[in-house]
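If you want the building blocks of each chain, they are given just below.
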Amino acid sequence: MQNGTDLYALDIDGALFVKACGGPCTEGCVTLARIGEDAWALGDSKRLDVEPLRFTTEELDAAGIDPARFGLNV
């Protein structure tokens, strides 16, 4: 975590989530949003009652997730 930032303390109200599916998907169940410098939220559009998980860019990279692939700036 960069500079000891608590990712769950970041406000995600108004965050712009985009579809972040890995294959041919028309439902877009996985969503991704930039929520701060080096901070991302990963959600599920089918489970709006569940708070999105939060990750650093380094954590997404370790999982093989490239936000640029989904049109988001890194």
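Now for a look at the structure at hand. Here the structure is a predicted model, which is why all the values come from computation and not from measurement. (Residues numbered from 1 in each chain as written. Predicted model: local features only at pLDDT ≥ 70, side-chain atom pairs only at ≥ 80, totals over all residues. Heavy atoms only, no water.)

Counting its regular elements, the chain contains one helix and four strands. Listing every helix and strand of the chain by position from the N terminus yields β-β-β-β-α. Burial analysis of the chain (74 residues in total) assigns 28% to the buried set. Across the chain, every contact between residues at least 6 apart in sequence was considered, and the portion connecting residues at least 24 apart equals 36%. For the chain, the accessible area works out to roughly 5000 Å², and carbon and sulfur atoms hold 50% of it. (Helix = DSSP H or I, 4+ residues; strand = E, 2+ residues; numbered from the N terminus. Buried < 20%, exposed > 50% of the residue type's maximum accessible area, 1.4 Å probe, protein only. Contact = heavy atoms within 4.5 Å. Areas by Shrake-Rupley, 256 points an atom, 1.4 Å probe, with all protein chains shown as cover.)

The next point concerns the sheet that holds strand β4 (residues 53–56). Strand order across the open sheet formed by four strands is β1-β2-β3-β4, with antiparallel pairing between neighbours. Among the strands making up the open sheet, the edge pair consists of β1 (18–19) and β4. Both β1 and strand β2 (residues 30–36) contribute to a ladder of two bridges, which runs antiparallel. In the sheet register, Val 18 faces β2, and the bridge partner there is Leu 32. (Pairing = 2+ DSSP bridges.)

The next subject is the nonpolar core. In terms of nonpolar packing, the biggest core is built from six residues, these being Ala 20, Leu 32, Trp 40, Leu 60, Phe 70 and Leu 72. Leu 7, Ile 35, Ala 39 and Ala 41 belong to the second largest nonpolar core, which has five residues in total. (Core = buried A, V, L, I, M, F, W, Y, C linked by side-chain atoms within 4.5 Å.)

Here the focus is the environment of Lys 46. Position of Lys 46 relative to the elements: it lies in the loop between β3 (39–44) and β4. Residues Lys 46 and Thr 31, spaced 15 residues apart in sequence, show a C-alpha to C-alpha distance of 9.9 Å.

Bear in mind that shape data such as this cannot, by itself, settle questions of function.
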